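Working through the structure, step by step
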Amino acid sequence: MNSGSTKRKTIDTMLKLALAVFVFTIPVWLSSPTYLQILIMLFLFAYLTTTWNLVGGFAGVLPLGHSAYVGIGAYTSTVLFISLGVSPWIGMWAGALIAAVVGVFIGIPTLKLRGAYFALSTMAFGEGIRVLVENTMQLGPFTINGPRGISVPLLPGNNLLAYQFTSKVPYYYIILLMLCVVIFITWWFSRTRPGYYLAAGGEEPEAAQALGVNVARYKVLAMGISCFLTALGGTFLAQLTLYFYPKQILGLDFSFELAFIALIGGRGTIAGPVVGALLLRPVSELTRIYLSSTLPGLHLVIFGLVLILVMLFQPRGLVEPLERAYNWFLDRISGERKEVKS
Amino acid sequence: MALLEVRNVSKHFGGLKAVDEVTLSIEKGQIYGLIGPNGAGKSTLFNCVAGTYAPTMGAIIYDGRDVTGWKPWDICKLRIGRTFQIVKPFQSRTVLYNATVGAFIRTSNRSEAEDRAMEVLRKFHLGDKAGVLAKNLTIADRKRLEMARAMATDPEMLLMDECMAGLRPNEVDETLDVLREIRSQGVTIFMIEHIMRAIMSVSDKITVIQFGRKIMDGTPGEVANDERVIKAYLGESYGAGGDGNVTA
Ligand SMILES: Nc1ncnc2c1ncn2[C@@H]1O[C@H](COP(=O)(O)OP(=O)(O)OP(=O)(O)O)[C@@H](O)[C@H]1O
Ligand SMILES: [Mg+2]
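What comes next concerns the included structure. Each chain has its residues counted from 1, following the order in which its sequence is written. Lettering of chains starts at A and numbering of ligands starts at 1, both following the order in which they are written. Given that the model is predicted, a residue must reach a pLDDT of at least 70 before its local features are reported, and side-chain atom pairs must reach 80 or more before they are shown or counted; all residues, however, enter totals for whole chains, interfaces and linings. For the side-chain quantities, the full set of heavy atoms in the structure was used; hydrogens and water were omitted.

1. Here we look at the overall build of chain B
For chain B, the helix and strand inventory stands at nine helices and ten strands. Here the radius of gyration uses the C-alpha set of atoms, whereas the globule reference equals 2.2 Å times the residue count to the power 0.38. Radius of gyration (C-alpha) of chain B: 18 Å, near the 18 Å computed for a compact globule of 248 residues. Expressed as lengths along the three principal axes of its C-alpha atoms, the size of chain B is roughly 55 × 40 × 35 Å. Note on classification: 1.4 Å probe, protein chains only; a residue is buried when its accessible area is under 20% of the maximum for its type, exposed when over 50%, partly exposed between these limits. In chain B, buried positions account for 54% of the 248 residues. Taking contacts inside chain B between residues at least 6 apart in sequence as the whole, the part at least 24 apart equals 64%. As displayed, chain B has an accessible area near 10,300 Å², and 48% of this comes from carbon and sulfur atoms. None of His or the chain ends enter the tally, which takes Lys and Arg as positive and Asp and Glu as negative. Every charge is mapped onto a representative atom, which is NZ of Lys, CZ of Arg, CG of Asp or CD of Glu. When the 32 basic and 31 acidic side-chain charges of chain B are each reduced to a single mean position, those positions are 5 Å apart. Only runs of H or I of at least four residues qualify as helices and only runs of E of at least two qualify as strands under DSSP, and these elements are numbered from the N terminus. In what follows, a contact means two residues having at least one pair of non-hydrogen atoms within 4.5 Å. Surface accessibility follows the Shrake-Rupley procedure with a 1.4 Å probe radius. Residue values consider only the protein chains on display as shielding.

This is the structure we're talking about:
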């Protein structure tokens, strides 16, 4: 173990602090809205993958329909804003609640299924929601607009109450804060009894049951929390783009991207989703900018190839080797004896 | 009154009667052995008691309460712990994490659970391996972890399915010592074991089953000298060279 010298610890803290300061001051010197937008989307995907990871990582199953909950968040807050004038800051909690209820409802029968069946049924459910929304023009008093999607009515200038800003900077800080909060929640949750039970049940369900864990119950709980938080990200996406439609926000490739980011970064780890998003988002953006007209969906092909490589050489994701490299680096610069870790 | 009563329990898999009307009764504080040839239905009977399977027929009575068909986690909360014949550690986690999952049954406070887990790990000679990932353990240590994790749930009765298989003789002796110690603290032990030397030396009473049916029960001495048991193990012909480790 390299718990150790105060020097090493100081350097570790300083580096992390420097990173935090760097990330929080990016908008000060980076004024290009295009680059800020790329970073915002990167953080949003890191956020959504972190919430996905509660089920997909810790509960040991592979949800492939999480775009449904992004969509529920986006549609709920937007529709409430348009028809009732409810601020999206309030509407997002309504969306989160609905998503949690739907998630639990879907989770109860499907989380008992084994691996592939769970993945397939969540995928089918996600697609079902998309088709349903595409075929719904009006839901009671609410306009859904089918495949054409919805625009959030634009208000003049910056309007904090309406969750609308002319500059990208507020969005940058909102999503960065949201990301920090979910990372903290995940970290904290993984150290509580339900967190232990969830991870244990995800890894060896029979053993966990024999130790007193009602495995299905904890998976359903995780599903509820995950969908709740995912929907909050959906509202953010709606406010950022101010226009969305089913194919984009409820699409399969959205769900797949979250799974790819988690698997490549490191499923069931706290830093995995961030690492995965850092690596894969630029690929998504670049292929979309340069090749979207000629080769749409190319980013998923590239993800697939990267995933194969990662699974071959680092089956637990890229966080593990990165952590090792970081520790090695810390040892070196703090001048500590190099120890071979078992 | 018996702590555990198995009354006429059967478990069928399709046409196969893996357990066929077995009855036995275990007193508090006993070490109770269950033996029989491979495929006799021993693990299946354990799984019926532990709630992994609901018996096809019959009843499981624990401490005067009918617990037939209860779920495994509820059985665990009744203070019955169990180990698996094929060990099932949480591979990607540390030894301490594994035991802490068990210890969480008594407290929701993590550091309390970890303290309790450490205590049990030390008893099973795993104290200095607390930080090792379970996947990096040797077979002997995995077996120890399997027992320690079950003991971390603070059971009154421990079901042990071949916890000594694959251990070296000195490790078997060490495990037997730990078992005696656990028993002296009031834990009742119900164990399946193929190593005759071990089970004969430590059990108060033994039940023998074959093809799902009970052949007999009695003290180790009675069992070792019983014609039917010898036949069950060595075959009708008393054929030469049965299982090397079978005879007492
Ligand atoms: N889940 C199952 N489905 C179908 N058959 C099963 C199942 N579990 C066990 N069996 C069968 O039931 C019989 C008893 O198996 P069991 O595992 O209980 O034997 P055992 O006495 O524990 O043997 P061993 O000493 O080899 O561990 C075997 O014929 C086995 O193939
Ligand atoms: Mg067995």
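Moving on from the coordinates now.
2. Digging into unusual backbone geometry
Residues and elements named next belong to chain B. The backbone of D63 sits at a positive phi, close to 55 degrees, despite the residue not being glycine. You can see D63 is positioned in the loop between strand 4 (57-62) and strand 5 (65-66). Classification of D63 as partly exposed rests on a relative accessible area of 44%. Located in the positive-phi region is F211, a residue other than glycine, with phi close to 45 degrees. Mapped onto the elements, F211 comes out in the loop between strand 9 (205-210) and strand 10 (213-218). Residue class for F211 comes out exposed when judged on its relative accessible area of 66%.

3. Observations regarding the side chain of D20(B)
Residue and element names in this part refer to chain B. In this fold, D20 is placed in strand 2 (residues 16-26). Judged by its relative accessible area of 10%, D20 falls in the buried class. Under this definition, polar contacts are N or O atom pairs within 3.5 Å; protein pairs additionally need one hydrogen-donor-capable and one acceptor-capable atom, and for neighbouring residues in sequence, both atoms have to be side-chain atoms. Polar side-chain contacts of D20 include one of 2.9 Å to the side chain of R213. When near neighbours in sequence (up to four residues on either side) are disregarded, D20 contacts V9, S10, G212 and R213.

By themselves, these figures tell us nothing about what the structure is for.
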